[in-house]
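Structural characterization, general
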Amino acid sequence: MQLRAFAGATLAIVVASSAIGATLEINATANNGSRFIEHVQDAFWELGQTRASSRVPFPDGAFNYASLPNYVPQGGGGTAFPNKQNFQDLGAIEYDSSTGAVTGLTFNFSPHVAPGRFTFYQAIASASPYATSFGAFSGSVTLNGAAAPTINLTSEIKFTIESAVDDALVYTGVFNVVNNVFTLAVDDTAFSPLYQLYAGNGNIRYEWAVTGTLAAAAPAPPAGDFNLDGLVDGADFLAWQRNPSVGSLDDWKANYGAGASSASAATPVPEPAAMLLIATALISIRPLRISRDTQPRSRS
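Thresholds, definitions, all that
- Residues numbered from 1 in each chain as written.
- Predicted model: local features only at pLDDT ≥ 70, side-chain atom pairs only at ≥ 80, totals over all residues.
- Heavy atoms only, no water.
- Helix = DSSP H or I, 4+ residues; strand = E, 2+ residues; numbered from the N terminus.
- Buried < 20%, exposed > 50% of the residue type's maximum accessible area, 1.4 Å probe, protein only.
- Contact = heavy atoms within 4.5 Å.
- Areas by Shrake-Rupley, 256 points an atom, 1.4 Å probe, with all protein chains shown as cover.
- pLDDT = per-residue confidence, 0-100.
- Phe/Tyr/Trp six-rings, centres within 6.5 Å; stacked < 30°, edge-to-face > 60°.
- Polar contact = N/O pair within 3.5 Å; in protein donor to acceptor, adjacent residues only side chain to side chain.

Time to look at the overall build of the chain. What the chain contains, in helices and strands, is four helices and 13 strands. Per-residue burial for the chain yields a buried fraction of 40% across its 300 residues. Look at the contacts in the chain between residues 6 or more apart in sequence, and 62% of them connect residues 24 or more apart. In the structure as shown, the chain presents an accessible area of about 15200 Å², 55% of it carried by carbon and sulfur atoms.

Shown next as structure tokens:
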């Protein structure tokens, strides 16, 4: 499968927010095999395959695409990955904290991978960065207590670049995440009337293959999560009973059931009122047991 390159890209999904919405800020680390290919210039750039260049201080290439899998220098080099593997502040994932279902994505690859200057429009000041939209998508965020959450996601993705001197160029691909490992794969050809005048062929093909790992910090515990395990449940009431200074019982009652992942949300849990009744019964029974155990025993 060949992959296609897209320059500066902003991924954005706008979906009706959940009544129990939550957001994860996403960073990412790209693998050394991440590759950007520009068929128009028969050139590609790849993380982990650099060479000296008089043009740029930290190049990723360029190399001749026709020479793959060998790395034969082409042109004066270039930097397709300005931040190398470090994709900090990639974007955010919105999800329903009660079900784990992903409800929105806002990513921006443009500061990290394949800047717009590596497109046919590199000399056209009016060219815009690639705008990103999504087709059908599905996914889930699974909370793991105080540990980092697990993300799974699959989505159609489309990149569009518009210019005052040409028609819009549209490229399509896929963005998948399996247990926090992501794959961004695009391989498509768009038709450019301007390039047809320039080279007699209006087809501009790009490939972009980027793989790596997403990273998201564990979300802040919800109010009422007294034992800091990411869930507001009966264990938190027991923690409060042992030490009421850990927080407000009103928070526990208001947020009971919050923080459940998509896997645990289907498990029935008792209502806060039922938990209070059980706890009250336990409190009333405990001193009676102590009193009976401490009574002197009569001798026969």
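With that settled, the discussion passes to the confidence of the model for the chain. For the chain, the average pLDDT comes to 76, and 72% of its residues sit at 70 or higher. Counting contacts from residues 1-19, a segment whose pLDDT is below 50, to residues more than four positions away or on other chains yields 87 contacts. Taken as a whole, residues 261-269 scores under 50 in pLDDT and shows 13 contacts with residues more than four places along the chain or in a different chain.

Applying the stated criterion to the full structure yields 14 aromatic pairs. Seen from their ring centres, Phe109 and Phe175 are 6.3 Å apart, and the 70° between their planes marks the pair as edge-to-face. Taken as a pair, Phe109 in the loop between β8 (102-108) and β9 (130-144) and Phe175 in strand β11 (residues 166-178) lie far apart in primary sequence, 66 residues in all. You'll find Phe109 and Phe175 in the same group, each marked buried. For the ring pair Phe237 and Trp252, a centre distance of 5.2 Å and an interplane angle of 45° mean the geometry is tilted. Highlighted residues: Phe237 in helix α2 (residues 234-242) and Trp252 in helix α3 (residues 249-255), separated in sequence by 15 residues. Across this residue pair, the class does not change: Phe237 and Trp252 are buried.

Let's shift gears to the environment of Asn64. Residue placement: Asn64 occurs in strand β5 (residues 61-64). Owing to a relative accessible area of 18%, Asn64 belongs among the buried residues under this scheme. Once residues lying within four places of it in the same chain are set aside, the contact partners of Asn64 are Asp42, Phe44, Val72, Pro73 and Gln74. Polar contacts involving the side chain of Asn64 include one to the main-chain carbonyl oxygen of Pro73, which spans 3.4 Å.

Within the element layout of this structure, Asp42 appears in the loop between β3 (35-38) and β4 (43-46). In this structure Asp42 comes out as partly exposed when scored by relative accessible area, which is 30%. At 3.2 Å, the side chain of Asp42 and the backbone nitrogen of Ala66 are in polar contact.

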